[in-house]
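As a plain string of letters, each chain reads:
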Amino acid sequence: MKIINYKDGFEFDSATLVVKLLPVTITTSGYYSSYYNSNSKYTVTVKSQDTGQAMAGVKIKIQFKKGGKTVTKYYTTGSGGKVSIVPPVGVGTWTATVSPGSSSYTGASKTNTIKITKSGVKIQVKKVSQYQGIKFKIKATVKSQSGKAVKEGKVRFKINHKTYTVSVKNGVAVKKL
């Protein structure tokens, strides 16, 4: 098989293909602590080790580990060589390891701790006076710390030493008595 250089017409009997891996540097936003569903971002930046320039279009792999559970996701850097994500994992303390996600790139991986906690809630209940023989309902509005209605969960009402458990639907828990 002959290889022809079309620029000058020179013919080669053989050729060697050399593939050079691009060395990259990965930086992250470091330790991450946030409330579940807060939309707080974890940011990864990829730069060329040779030039220090941010690299757009680089595939990265992020592995989230907790106990025996592993969640692996792949992302592609945008302009400025950055990827900003809401970690796709539940409540708990996770280890996030970021590494090149393609065999075209080489570079050290970066490991951080990701801590996601349940968000607190605010419950508003109107004061109820005691009435005998009259039916009434108790209504509680349940919101997250950011003021958004909590979509699910349970609320316990304690009346005269008796406890009633009610499901939250669209930020409201209602119990008819």
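Residues numbered from 1 in each chain as written. Predicted model: local features only at pLDDT ≥ 70, side-chain atom pairs only at ≥ 80, totals over all residues. Heavy atoms only, no water.

### What to know about the overall build of the protein chain
Each helix and strand counted, the protein chain has 0 helices and 16 strands in total. Here the protein chain, with 177 residues, has 27% of them falling under the buried criterion. Here the contacts in the protein chain between residues at least 6 apart in sequence split such that 47% fall between residues at least 24 apart. As displayed, the protein chain has an accessible area near 12600 Å², and 49% of this comes from carbon and sulfur atoms. (Helix = DSSP H or I, 4+ residues; strand = E, 2+ residues; numbered from the N terminus. Buried < 20%, exposed > 50% of the residue type's maximum accessible area, 1.4 Å probe, protein only. Contact = heavy atoms within 4.5 Å. Areas by Shrake-Rupley, 256 points an atom, 1.4 Å probe, with all protein chains shown as cover.)

### Regarding the environment of Ser104
By the secondary structure assignment, Ser104 is in the loop between β9 (92–100) and β10 (105–106). A relative accessible area of 37% means that Ser104 is categorised as partly exposed. Spatially, the C-alpha atom of Ser104 lies 9.2 Å from that of Val58, the residues being 46 residues apart in sequence.

### Focus on the sheet that holds strand β6 (residues 59–66)
Pairing is mixed in the open sheet, where 5 strands are placed in the order β4-β11-β9-β6-β7. Two strands lie at the open edges of the sheet, namely β4 (32–35) and β7 (69–76), each paired on one side alone. Strand-to-strand, the axes of this sheet are offset by a mean angle of 25°, without reference to chain direction. By the bridge criterion, 4 bridges tie β4 to strand β11 (residues 110–117) in an arrangement that is parallel. Bridge pairing in β11 links Ser33 to Lys115. (Pairing = 2+ DSSP bridges. Axes fitted to C-alpha atoms, helices over the stretch in contact; angles between N-to-C directions.)

### What to know about the side chain of Thr77
Mapped onto the elements, Thr77 comes out in the loop between β7 and β8 (82–85). Residue contacts for Thr77: discarding those within four places in its chain leaves Val46, Met55, Ala56, Gly57, Val58, Lys82 and Val83.

### Points about the pairing of strand β15 (residues 162–167)
Where strand β14 (residues 154–159) and β15 come together, 6 bridges link them in antiparallel fashion. If you follow Val155 over to β15, its bridge partner there is Val166. Between the antiparallel neighbours β14 and β15 lie 2 residues, among them Asn160 with a positive phi of about 50°.

### Observations regarding the packing of aromatic side chains
Under the defined criterion, the tally for this structure stands at 1 aromatic pair. Taking the centre distance of 6.0 Å and the plane angle of 85° together, the rings of Tyr32 and Tyr42 count as edge-to-face. With Tyr32 in strand β4 and Tyr42 in strand β5 (residues 42–48), this pair connects stretches of sequence that are 10 residues apart. Per residue, the accessibility class of Tyr32 equals that of Tyr42, and both read buried. One Lys or Arg, Lys59, reaches over the ring of Tyr74 and ends 4.9 Å from the middle of that ring. (Phe/Tyr/Trp six-rings, centres within 6.5 Å; stacked < 30°, edge-to-face > 60°. Lys NZ or Arg CZ within 6 Å of the ring centre and 35° of its normal.)

### Regarding a nonpolar patch on the surface
On the surface, a nonpolar cluster with roughly 270 Å² of combined accessible area is contributed by Ile3, Phe10 and Phe12. By the secondary structure assignment, Phe12 is in strand β2 (residues 11–12). (Patch = residues over 30% accessible without salt bridge, like charges linked within 9 Å, V, L, I, M, F, W, Y side chains within 5 Å. Salt bridge = Lys/Arg side-chain N within 4 Å of Asp/Glu carboxyl O.)

### Here's the deal with the nonpolar core
Formed by 22 residues in total, the largest nonpolar core has its most connected members in Tyr42, Ile60, Ile62, Phe64 and Ile114. For this core, the secondary structure elements donating two or more residues are β3 (22–28), β5, β6, β7, β8, β9 and β11. With residues up to four places along the chain from it excluded, the contact list for Phe64 reads Lys69, Thr70, Val71, Ile85, Pro87, Pro88, Val89, Trp94, Thr95, Ala96 and Ile114. (Core = buried A, V, L, I, M, F, W, Y, C linked by side-chain atoms within 4.5 Å.)

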